[in-house]
Structure formats: C-alpha cells, structure tokens
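Given next are the chains, with one letter for each unit.
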Amino acid sequence: DIDIIEHFIEKNSKRFKIIFIDSIQTLFTTTVSSPTGSVSQILECTNFLVNISKKFNIITFIIGHVTKSGEVAGPKMLEHMVDTVIYFEGEKRFELRVVRVEKNRFGPTDEVGIFRMTSDGLVEVRDTKELFENNLPDAPGSVFCMVLEGNRPVVVEVQALVAKSHLPQPRRTSSGFDFSRMNILIAVIEKTLGLNLSTHDVYTNVTGGIKVADAALDLAFVASVLSSLKNKAFPRSSVFFGEVGLTGEVRKVWLEEKRVKEARRIGFVTIVNHSAVKNIKNLL
C-alpha cells in the first residue's frame, strides 16, 4: 500500500538515502479503484514516488517487469515520468548481463556495463576477451569481432557452421544476430563469390548470449561462414569488423579508430577491416 509506504518514509525520512521499489507492478493506492498492476495504478503510484523523492531528496529506484518484446511492462508514460531509464539485460541461460542506459536527464546514454553472473553475485567484466579461452586452437567457423555496446568497444566471438543439407529447403538459424541481415549477407556471399549455399544449412551464433545490432558484425559473419565452408581457420589473434554492402564492398564503421585502439590494447595482432579488405572477395 503506497499510503503506508509514504507514512513510513515521512516518519523516518532522515534515515533514508536510497529507496528500492521492487516492483512498481505490486504497489497500489486506495484512491484508485482499479486492480494492482493496472495502468492507472502504475501511473498513480509512480507519480506518488516521484513526489516523495523530490520532497525528501531521496534517490528512488523503481524496478519494473520487462515484457517478452523487451520493453518495460505497463504504460510508456512510466518512462516519461522518471529521470533515468536503465535496462538490465541478459539471457537466463547465459552468464553475461548488460546494464544499458536508455534515458538519462543528467548525463550520457552511450555507456554500458557488462557483468558476469557468478555464484558470488555479479562481477564486472573489464575486457570481454577474458570470456573466451585464448588457449583454444584455431577453429574453422570461429572469428572475433569488435562491436560497440553504447560507446564502448567490446569483443564478441562469432561462430558459423555450414553443413551439407539433406532438406529441400536448407535451414538457417541465428542466435544473437539479426536473422534478416543474415539472409541478406548469405545472398551477398553467393552473388559476389559465386558460391552456392542453397544446398547447405547455415547456423550462426554470437557466443555468451549477447545480442548484437552493430553493422560491424557483417564482416565477421561473412568471415565465419567462409571459414566453415572452406574448413579453413582464421588465426585467433585476428579481429574482424566492417559493414558489408550489397555489392560485397567492405565499408568503414562508426568509431573505427577507437575499435582499432582497443583491439591493439587487448592483444589482437591482425586487424581486418575496410582498410585491410576492400571487398569480401579478398577474404578467400
């Protein structure tokens, strides 16, 4: 009951610096007749909390459930009422968690935090390359890519498996990479390199459960597919990033210099980008 919470805070306001509400969908006020978790209840309770926070100068974290589509459950107005919206993301089957700022009235929104869920709680990941076993041998179909999470360059591992298909329509599956973009790049590979993938199943995966929307992943995806198809491994000391056009050209991506600097810092020897490869034909 938000009224009881308000009374408790008013009585002990000097004791509190931070308040956590877990979650906004469980609060209700008797001044609204609709059920707990309804749009009107969420709006009224949030407005209540905002006023309490400003009145007593207390930082308040309001936790909201996330829908299957990845948005905060309840009315979109909830995000407009607060000063900052932070998403805590991650697949429950994987250990990685990403903290991403969606809205911030007091600072930038291009910073992210990357954490690993352990038995002792969340542990910060300073270098994502630490997540991959560097002592593994070179393997066909596996390459590294330098992508941006917010404004931060991070390393992800892209894996592809290209196998002869025995189905009338070959399978295409993608985990962590846009499925439509995957099909476009397969068509670019076939057209530019004259390869026939219509008789092959193609499976691709971004390890760790990370979902990547960065165009720089294009070149790494193409490299992993060609590596698996030709059964030829790229050295694990190499990192790939670049946007691939419909004619097969490799284009420069945003903050490329920052990616190169970070890749050098964490030990990559070979940088494969638009400067090294002008067209995907040069990958073979």
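Residues numbered from 1 in each chain as written. Predicted model: local features only at pLDDT ≥ 70, side-chain atom pairs only at ≥ 80, totals over all residues. Heavy atoms only, no water.

- The name that an unreviewed UniProt entry assigns to the chain is DNA repair protein RadA, with the source organism given as Candidatus Dojkabacteria bacterium.

1. Points about the overall build of the chain
Part 1: The helix and strand tally for the chain stands at six helices and 14 strands.
Part 2: Overall, the C-alpha framework of the chain stretches about 70 × 45 × 35 Å when taken along its three principal axes.
Part 3: Look at the contacts in the chain between residues 6 or more apart in sequence, and 63% of them connect residues 24 or more apart.
Part 4: Accessible surface, the chain as shown: approximately 15600 Å² in total, 54% of it carbon and sulfur.
Part 5: With 36 positive and 33 negative side-chain charges, the chain shows a spacing of 4 Å between the two charge centroids. (Helix = DSSP H or I, 4+ residues; strand = E, 2+ residues; numbered from the N terminus. Contact = heavy atoms within 4.5 Å. Areas by Shrake-Rupley, 256 points an atom, 1.4 Å probe, with all protein chains shown as cover. Lys, Arg positive; Asp, Glu negative; His and termini not counted. Charge placed at Lys NZ, Arg CZ, Asp CG, Glu CD.)

2. Quick notes on the UniProt feature "domain: RecA family profile" (unreviewed entry) in the chain
Part 1: As recorded in UniProt, the feature "domain: RecA family profile" (unreviewed entry) lies at residues 1-66.
Part 2: End C-alpha to end C-alpha, residues 1-66 measures 22 Å, and it is 42% helix and 15% strand. (UniProt positions renumbered as here; feature names shortened; annotations may be inferred.)

3. Description of the domain arrangement of the chain
Part 1: Assigned domains of the chain: these are domain 1 (1-82), domain 2 (85-126) and domain 3 (136-282).
Part 2: Here domain 2 and domain 3 have C-alpha centroids that lie 25 Å from each other.
Part 3: Each side of the interface is counted separately: domain 2 has 12 residues, and domain 3 has nine residues.
Part 4: Interface area, domain 2 with domain 3, both sides summed: about 950 Å², of which 51% is carbon and sulfur.
Part 5: The interface formed by domain 2 and domain 3 holds zero salt bridges in total. (Domains from an automatic or database assignment. Buried area = accessible area lost by both parts, 1.4 Å probe. Salt bridge = Lys/Arg side-chain N within 4 Å of Asp/Glu carboxyl O.)

4. Section: the environment of M182
Part 1: Looking at the secondary structure, you find M182 in helix α4 (residues 179-193).
Part 2: Expressed as a C-alpha distance, the spacing of M182 and V202, which sit 20 residues apart in the sequence, is 9.5 Å.
Part 3: In this structure M182 touches R172, T173, S174, F177, V202, T204 and F221, once residues within four positions along its chain are discounted.

5. Observations regarding a nonpolar patch on the surface
Part 1: Residues I18, F20, I59, F61 and I63 make up a contiguous nonpolar surface patch of roughly 480 Å² in combined accessible area.
Part 2: Broken down by secondary-structure element, the contributors of at least two residues to the nonpolar patch are β1 (18-22) and β2 (59-63).
Part 3: Top element by residues in the nonpolar patch is β2. It accounts for three residues.
Part 4: Here F61 lies in strand β2.
Part 5: F61 sits in the partly exposed class, given a relative accessible area of 37%. (Patch = residues over 30% accessible without salt bridge, like charges linked within 9 Å, V, L, I, M, F, W, Y side chains within 5 Å. Buried < 20%, exposed > 50% of the residue type's maximum accessible area, 1.4 Å probe, protein only.)

6. Looking at the packing of α4 against helix α5 (residues 217-230)
Any two packed helices are characterised by the angle at which their axes cross and by the distance between the axes.
Part 1: Across the interface, α4 lies against α5 with an axial gap of 10 Å and an inter-helix angle of 60 degrees. On the basis of their axis angle, the class for α4 and α5 is oblique. As α4 packs across α5, the resulting crossing turns out to be right-handed. On the side of α4, the interface is formed by R181, M182, L185, I186, I189 and L193, while α5 contributes D218, F221, V222, V225 and L226.
Part 2: For the contact of α4 with α5, the class distribution of residues is nine nonpolar, no polar and two charged. (Axes fitted to C-alpha atoms, helices over the stretch in contact; angles between N-to-C directions. Parallel < 35°, antiparallel > 145°, perpendicular 65-115°, else oblique. Left-handed = near helix turned anticlockwise from the far one by under 90°. Nonpolar A, V, L, I, M, F, W, Y, C, P; charged D, E, K, R; others polar.)

7. Notes on the sheet that holds strand β8 (residues 152-164)
Part 1: Judged by pairing direction, the sheet is mixed, and its six strands sit side by side in the order β9-β10-β8-β7-β11-β14 without closing on themselves. This sheet does not close on itself; its edge strands, each paired only once, are β9 (172-175) and β14 (270-272). Looking at each pair of strands side by side, their axes are set apart by 25 degrees on average, direction ignored.
Part 2: As defined by bridge partners, strand β7 (residues 142-149) adjoins β8 across eight bridges and the pair is classed as antiparallel. Looking at the pairing, C145 lines up with V156 of β8.
Part 3: Contacts from α4 reach β9 and β10 (200-206), with the element oriented near 130 degrees to β9.
Part 4: Along the sheet face, α5 touches β7, β8, β10, β11 (238-240) and β14 and points at about 30 degrees away from the line of β8. (Pairing = 2+ DSSP bridges.)

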